[in-house]
Amino acid sequence: MSESYVIIGDGIAGSSAAEAIREEAPDADVTVVTDEGEALYNRILIKEFAKGKLPEAPISIHETDWYDERDIDLRLNTLVTDVNPDAHTVETHEGDEISYDKLLVAAGGTPNQLPVENSDAEGVHHFWTFQDARQIREHAEDADTGVVVGAGLLGIDLAAICGGQDVDAKYLMRGDRWWRYALSSDGAEIIHDGLREMGIEPVFESGADHFETNDDGEVVATVDGNGDRHESEFVGVAIGLDFNVEILQDTDATIDNGVHVDEYMRTDVEDVYAAGDITQYWDTIMDERAQNGSWGSAKQQGALAGRTMLADEGHDVDIEPFRWVSSYSITHFDFPFLSFGFPTMGDESCERKYSDTEWRRLTFKDGKLIGGVLIGNLAPQSKYKQLIKDEAVVADQQDVLLQENFEIDELALAQEQ
Ligand SMILES: Cc1cc2nc3c(=O)[nH]c(=O)nc-3n(C[C@H](O)[C@H](O)[C@H](O)COP(=O)(O)OP(=O)(O)OC[C@H]3O[C@@H](n4cnc5c(N)ncnc54)[C@H](O)[C@@H]3O)c2cc1C
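Residues numbered from 1 in each chain as written. Predicted model: local features only at pLDDT ≥ 70, side-chain atom pairs only at ≥ 80, totals over all residues.

Caption draft 1: Molecular detail of the overall build of the chain. In terms of helices and strands, the chain carries 10 helices and 26 strands. For 417 residues, the compact-globule estimate of 2.2 N^0.38 gives 22 Å, and the chain sits close to it at 23 Å. Seen through its principal axes, the chain has C-alpha atoms that stretch 75 × 65 × 35 Å. Split into buried and exposed, the 417 residues of the chain put 42% on the buried side. Long-range contacts, defined here as pairs at least 24 residues apart, represent 62% of the contacts in the chain between residues at least 6 apart. (Helix = DSSP H or I, 4+ residues; strand = E, 2+ residues; numbered from the N terminus. Rg over C-alpha atoms; globule rule 2.2 N^0.38 Å. Buried ≥ 20, exposed ≤ 12 C-beta atoms within 10 Å, placed from the backbone. Contact = placed C-beta atoms within 7 Å.)

Caption draft 2: Quick peek at the sheet that holds strand 9 (residues 124-125). Judged by pairing direction, the sheet is parallel, and its five strands sit side by side in the order 9-16-10-11-12 without closing on themselves. Pairing within the sheet leaves two strands with one partner each, and these edge strands are strand 9 and strand 12 (200-203). Pairing analysis gives four bridges linking strand 10 (residues 145-149) to strand 16 (residues 234-237), with the strands arranged parallel. Paired with V147 across the two strands is V235, which belongs to strand 16. (Pairing = 2+ DSSP bridges.)

Caption draft 3: Fine view of the domain arrangement of the chain. Each domain of the chain was delimited in the assignment, giving domain 1 (4-110 + 241-312), domain 2 (124-237) and domain 3 (327-416). Relative to domain 2, the C-alpha centre of domain 1 lies at a distance of 31 Å. Of the residues lining the interface, 12 residues belong to domain 1; the matching set on domain 2 comes to 13 residues. By residue number, the principal contributor to the side of domain 1 that touches domain 2 is helix 2 (residues 46-51), which donates five residues. (Domains from an automatic or database assignment.)

Caption draft 4: Spotlight on helix 4 (residues 130-142). Its 13 residues give helix 4 an end-to-end C-alpha distance of 19 Å, which sits within 8% of 18 Å, the value for a rise of 1.5 Å per residue. Within the span of helix 4, buried status applies to A133, I136, H139 and A140. Burial along helix 4 is one-sided: seen end-on, the buried residues are contained in an arc of 140°. Exposed residues pointing more than 90 degrees away from the buried face of helix 4 are listed as Q131, E138 and D142. (Expected span 1.5 Å × (residues − 1). Arc of directions from axis to C-beta.)

Caption draft 5: Up close: the site of the ligand. G9, G11, G108, G276 and S294 are the nearest of the 35 residues found near the ligand. At the level of elements, helix 1 (12-24), helix 2, helix 7 (295-312) and strand 22 (327-330) are the ones that each hand at least two residues to the shell around the ligand. Within the shell around the ligand, the residues separate by chemical class into 17 nonpolar, 11 polar and seven charged. Both domains that furnish three or more residues to the shell around the ligand are identified here as domain 1 (4-110 + 241-312) and domain 2 (124-237). (Near = placed C-beta within 6 Å. Nonpolar A, V, L, I, M, F, W, Y, C, P; charged D, E, K, R; others polar.)

Caption draft 6: Region of interest: the sheet that holds strand 4 (residues 80-84). Reading across the sheet, the three strands line up as 4-5-6 and stay open at both edges, with antiparallel pairing between neighbours. The sheet is open, and its two edges are formed by strand 4 and strand 6 (97-99), each paired on a single side. Neighbour-to-neighbour, the strand axes of this sheet turn through a mean angle of 25°, independent of strand direction. Bridge count between strand 5 (residues 89-92) and strand 6: three bridges; the pairing is antiparallel. Note that in strand 6 the partner of V90 across the bridge is I98. (Axes fitted to C-alpha atoms, helices over the stretch in contact; angles between N-to-C directions.)

Caption draft 7: Highlighting the environment of E404. Mapped onto the secondary structure, E404 falls in the loop between helix 9 (398-401) and helix 10 (408-416). In sequence terms E404 and V105 are 299 residues apart; their C-alpha atoms lie 43 Å from each other.

Caption draft 8: Examining helix 8 (residues 381-389) more closely. The set of residues buried in helix 8 consists of Y384, L387 and I388. One side of helix 8 holds all its buried residues, which, seen down the axis, span an arc of 100°. Looking at the buried positions of helix 8, the neighbouring elements they touch are strand 23 (337-341) and strand 26 (368-375). E391 lies just past helix 8 and shows a positive phi near 55°.

Caption draft 9: Highlighting the nonpolar core. Counting residues in each nonpolar core, the largest one holds 64 residues, and the members touching the most others are I7, A17, L104, V105, A106, A274 and A275. Each of domain 1 (4-110 + 241-312) and domain 3 (327-416) gives at least three residues to this core. Not counting chain neighbours up to four residues away, the residues in contact with A274 comprise L104, V105, A106, V259, V261, M265, T267 and T279. If you look at the next biggest cluster of nonpolar residues, it comprises 49 residues, including V124, A159, C162 and W359. (Core = buried A, V, L, I, M, F, W, Y, C linked by C-beta atoms within 7 Å.)

Caption draft 10: Unusual backbone geometry, seen in detail. For H88, which is not glycine, the phi torsion reads 55° and is therefore positive. In this structure, H88 sits in the loop between strand 4 and strand 5. We classify H88 as partly exposed; it has 18 C-beta atoms within 10 Å. Although it is not a glycine, N118 adopts a positive phi angle of roughly 65°. Tracing the backbone through its elements, the reader meets N118 in the loop between strand 8 (109-111) and strand 9. Residue classification places N118 among the buried positions, given that 22 C-beta atoms sit within 10 Å.

Shown next as structure tokens:
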């Protein structure tokens with residue numbers, strides 16, 4: 001009998017694993033199970049679709065033919081409800097059992113709902129799938145007023161969709177600025193100005209207390225914690241993800257806001273692996289457990305998981321421990337924005353404002369650069385990422401690091417002095 005690899009999730013992590021497995025094991029059975037009704041698409045681009053800037057076609061990455069051509073059994077609209085490591089099977093919502101020799105859980109997360117009255121009303125949107133994007137686009141095209149809740153990387157996409165669709169929207173933030181864990185007031189002010197320019201009004205020290213609905217159960221207004229009422233036919237909520245770990249709950253996998261994996265994507269359960277957003281992986285640069293919600297990281301983890309599964313099944317493939325500096329860019333404004341590494345962590349930081357649309361902040365831990373945020377000028381990103389990968393101790397050279405046209409050589413000179 002041929003080896004059997006089963007993958008839960010056809011996001012970028014799951015799909016990359018399937019591709020890696022098929023490349024090395026032409027005769028193996030490869031099954032990809034997804035509860036979505038379509039094959040892999042570019043999740044990063046669904047915001048551009050919802051804004052009305054892109055048609056559907058370029059967002060798709062794989063048509064079902066792609067799986068047929070590679071003899072990969074893609075099961076759409078199929079939810080895995082249980083994993084049984086003793087029997088080496090997974091169970092689907094229709095009661096089918098699929099046997100595996102090696103199992104990859106690449107199930108990502110599901111957006112959290114606000115724990116407030118009427119948060120499930122019609123017109124209150126959460127944003128993760130292409131199907132969500134279709135509904136958001138259709139509704140935003142019709143709506144005149146809106147509210148967005150969640151001052152992070154996904155919330156700003158919802159705000160930009162309102163801007164792109166001419167929805168007169170307010171962006172309610174709990175603190176005094178956008179993404180307060182990674183940006184100071186100076187950096188955030190550039191973002192706030194960008195939001196205002198697209199017609200979105202940031203509202204600080206706010207947040208949704210409850211939503212008001214009409215007789216049809218549709219949202220009509222958002223009342224914030226200060227008692228202020230904001231007309232909102234359209235509401236977008238992005239307050240974080242719940243990772244889809246329930247299927248591993250009765251196994252020996254370590255679950256802690258995600259699934260623990262080692263630097264090769266192995267969980268604590270024999271023959272069960274995990275990759276992508278769902279993992280709490282061992283970060284070999286930071287030497288600690290970390291989590292990463294970004295496309296590039298999920299892709300790398302998926303490909304590595306596929307190769308580890310092959311290696312553990314006896315195939316002659318090289319595997320290298322996961323060592324990756326992630327980045328995440330925002331392209332809604334006239335100026336570019338990029339965060340990299342771990343910009344919300346660390347024990348020290350430095351920053352500089354260069355102009356009304358150019359700002360930079362770097363974070364350090366134990367003297368090493370671990371992350372940062374660049375607004376306006378992304379040129380130094382690869383140099384900073386290199387320093388992170390090299391685990392260079394550079395926190396004592398912040399002046400050099402913050403030079404507008406910073407070069408690693410200058411840093412080396414400074415180190416020798
Ligand atoms: C609107 C939006 C914009 C983004 N923009 C950026 C960006 O600019 N840059 C960036 O780096 N990242 C961005 N991201 C994040 C990035 O898309 C994710 O980090 C990445 O897609 C994670 O991939 P994944 O394969 O781990 O998980 P996912 O893409 O979430 O895939 C998991 C899949 O598993 C399926 N699934 C879950 N449970 C089950 C089950 N029990 N049975 C069967 N199937 C199941 C899910 O339906 C889903 O299809 C964005 C995300 C969104 C939603």
